[in-house]
Amino acid sequence: VQLVESGGGLVQPGGSLRLSCAASGFTFSTYDMSWYRQPPGKERELVAVISSAGGSTNYADSVKGRFTISRDNAKNTVYLQMNSLKPEDTAVYYCNARTVVGPWKYVYWGQGTQVTVSS
């Protein structure tokens, strides 16, 4: 199982970035996918989640209206479009895959990608 994030980097306040997470080794279309982030010195927090078929999304209040999560099940990839970035969006961003099959929960994490918002 692999989740490989890409697209992070340094961006000025007000700028945009698009993160990608390429999945392999599991049936991507049956997993809910999420983006989490961990700011420096803080705990990891949920940013956005999208259902397995892509019909439902939810966002943290801090990113609503600025970030958009989407997925392409044909490409086994989930995206996070981040607009109007703020310095407080600086964090390591992680991709997460989750599903429940009967009594078992399957959860996978990517290695993270750094996003730095600074002038």
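This section reports on the structure supplied with the text. Everything numeric in this text was worked out from a predicted model, so none of it was measured. (Residues numbered from 1 in each chain as written. Predicted model: local features only at pLDDT ≥ 70, side-chain atom pairs only at ≥ 80, totals over all residues. Heavy atoms only, no water.)

Observations regarding the packing of aromatic side chains
No. 1: For the structure on display, the rule yields six aromatic pairs.
No. 2: Of note, arginine 44 hangs over the ring of tyrosine 94, and the distance from its end group to the ring centre comes to 3.7 Å.
No. 3: Between arginine 44 and the ring centre of tryptophan 109, over which it is positioned, the NZ or CZ distance is 4.6 Å. (Phe/Tyr/Trp six-rings, centres within 6.5 Å; stacked < 30°, edge-to-face > 60°. Lys NZ or Arg CZ within 6 Å of the ring centre and 35° of its normal.)

Quick notes on the environment of threonine 68
No. 1: When you line up the elements, threonine 68 lands in strand 7 (residues 67-72).
No. 2: With a relative accessible area of 41%, threonine 68 lands in the partly exposed category.
No. 3: Along the chain, threonine 68 and tyrosine 79 lie 11 residues apart, while their C-alpha atoms are 8.0 Å from each other.
No. 4: The contacts of threonine 68, once residues within four sequence positions are left out, are Tyr59, Tyr79, Leu80 and Gln81. (Helix = DSSP H or I, 4+ residues; strand = E, 2+ residues; numbered from the N terminus. Buried < 20%, exposed > 50% of the residue type's maximum accessible area, 1.4 Å probe, protein only. Contact = heavy atoms within 4.5 Å.)

Points about the state of the cysteines
No. 1: In the structure shown here, the tally under the stated rule is one disulfide.
No. 2: Here cysteine 21 pairs with cysteine 95 through a disulfide, and the sulfurs are 2.1 Å apart. In this structure, the disulfide formed by cysteine 21 and cysteine 95 twists by about -85 degrees around the S-S bond and is classed as left-handed. Highlighted residues: cysteine 21 in strand 3 (residues 17-24) and cysteine 95 in strand 9 (residues 91-101), separated in sequence by 74 residues. Both residues of the pair, cysteine 21 and cysteine 95, belong to the buried class. (Disulfide = S-S within 2.5 Å.)

Details of the pairing of strand 11 (residues 113-117)
No. 1: What you see with strand 11 is a clean split: Thr113, Val115 and Val117 sit on the buried side and Gln114 and Thr116 on the side with no burial.
No. 2: Relative to strand 11, strand 9 is paired through three bridges, and the arrangement is antiparallel. Across the sheet, residue alanine 91 finds its bridge partner in strand 11, namely valine 115. (Pairing = 2+ DSSP bridges.)

Concerning the nonpolar core
No. 1: In terms of nonpolar packing, the biggest core is built from 28 residues, with Met33, Trp35, Val78, Leu80, Met82 and Tyr93 touching the most fellow members.
No. 2: Of all the secondary-structure elements, those providing two or more residues to this core are strand 3, strand 4 (32-38), strand 5 (45-50), strand 7, strand 8 (77-82), strand 9 and strand 11.
No. 3: Sequence-distant contacts of tyrosine 93, that is, excluding residues within four places in its chain, are made with Glu5, Leu19, Trp35, Tyr36, Arg37, Val47, Phe67, Leu80, Met82, Gly112, Thr113 and Val115. (Core = buried A, V, L, I, M, F, W, Y, C linked by side-chain atoms within 4.5 Å.)

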